[in-house]
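Coordinate analysis (summary)
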Amino acid sequence: RPGFTLKVLADLFDGTREPSKVLQTLDLSLEAYKSINYTQLHPVYVIYASAYYSRGNYRQALYYELLALKSAESANDTSLTLCQIHNVMGVILGQLGDREKSVYHYKIALQIAEKYNSTVDVLIMLKGIVHSYNEIGKPEEGLKVLRSIPGKFLIPKDDASYYVVPLAYLTIYHKLKNYP
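None of the values given here were measured: they were computed from a predicted structure.

Details of the side chain of Thr-25
Mapped onto the secondary structure, Thr-25 falls in helix α2 (residues 19-35). Classification of Thr-25 as buried rests on a relative accessible area of 7%.

What about the nonpolar core?
Within the largest apolar cluster, 51 residues are counted, with the highest numbers of intra-cluster contacts made by Tyr-48 and Leu-126. The greatest single-element share of this core, amounting to eight residues, is contributed by helix α3 (residues 42-54). The contacts of Tyr-48, once residues within four sequence positions are left out, are Leu-23, Leu-26, Asp-27, Leu-30 and Tyr-64.

Here we look at a nonpolar patch on the surface
Side chains of Phe-4, Val-8, Leu-9 and Leu-12 sit close together on the surface and give an oily, nonpolar patch of about 340 Å² of accessible area. Note that Leu-12 resides in helix α1 (residues 2-15). For Leu-12, a relative accessible area of 56% gives the class exposed.

Structural notes on the environment of Val-22
Structurally, Val-22 can be placed in helix α2. In sequence terms Val-22 and Val-46 are 24 residues apart; their C-alpha atoms lie 12 Å from each other. Sequence-distant contacts of Val-22, defined by excluding residues within four places in its chain, comprise Ala-10, Phe-13, Asp-14, Ile-47 and Ala-51.

Considering the confidence of the model for the chain
Confidence along the chain averages 91 in pLDDT terms, with 97% of residues attaining 70 or more. Ranking the elements of the chain by mean pLDDT puts α1 last with 78 and helix α6 (residues 99-115) first with 97.

Details of the environment of Leu-123
Note on placement: Leu-123 falls in helix α7 (residues 119-135). For Leu-123, a relative accessible area of 3% translates into the label buried. On a C-alpha basis, the gap between Leu-123 and Gln-111 in space is 12 Å, while along the polypeptide they are 12 residues apart.

Some points on helix α4 (residues 58-74)
Along its 17 residues, α4 runs 24 Å from first to last C-alpha, staying within 8% of the 24 Å computed at 1.5 Å per residue. Summarising the contacts, the buried residues of α4 are in contact with α3, α5 (80-95) and α6. Just past α4, the residue Asn-76 takes up positive phi, approximately 55 degrees.

Rules of the game
Residues numbered from 1 in each chain as written. Predicted model: local features only at pLDDT ≥ 70, side-chain atom pairs only at ≥ 80, totals over all residues. Heavy atoms only, no water. Helix = DSSP H or I, 4+ residues; strand = E, 2+ residues; numbered from the N terminus. Buried < 20%, exposed > 50% of the residue type's maximum accessible area, 1.4 Å probe, protein only. Core = buried A, V, L, I, M, F, W, Y, C linked by side-chain atoms within 4.5 Å. Contact = heavy atoms within 4.5 Å. Patch = residues over 30% accessible without salt bridge, like charges linked within 9 Å, V, L, I, M, F, W, Y side chains within 5 Å. Areas by Shrake-Rupley, 256 points an atom, 1.4 Å probe, with all protein chains shown as cover. Salt bridge = Lys/Arg side-chain N within 4 Å of Asp/Glu carboxyl O. pLDDT = per-residue confidence, 0-100. Expected span 1.5 Å × (residues − 1).

Take a look at the structure:
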């Protein structure tokens with residue numbers, strides 16, 4: 001349990017944005033896990049990625065998110081954790097200017113979110129997809145994705161769902177110069 005406890009502590013430090021404590025604690029967690037040949041390390045790698053992302057080191061964040069993806073896939077993890085990993089991959093790749101790959105990961109995350117009926121995650125992915133397509137000058141592709149999402153995810157239920165869908169339409173139609 002030391003690996004798990006240290007991972008949770010690192011996650012708490014990440015929330016306070018104390019990068020040196022985060023990385024030191026993650027190193028100890030990883031060492032503890034590896035000492036018992038534990039292989040499902042994706043939760044640890046996700047926190048590493050978050051720590052590097054918050055420092056603006058997107059390449060290092062991408063490296064750890066790729067490790068998280070590889071670990072999750074080898075563990076046959078098909079949970080919402082995989083959705084989170086693909087979402088963060090989309091965010092990081094967007095920061096690095098690779099919007100095409102960003103959309104690719106957002107779409108995978110969207111499929112997982114839909115599978116688990118997670119409206120919040122569907123809306124998060126929708127926002128990322130529309131933004132990325134708008135950034136690369138393909139708003140019509142964003143519109144196709146928006147129109148393909150089952151209606152049950154688009155019905156306003158909470159604060160986020162009241163603005164995400166209308167904002168998606170607004171930004172798409174603005175890019176298309178379809179003002180009416």
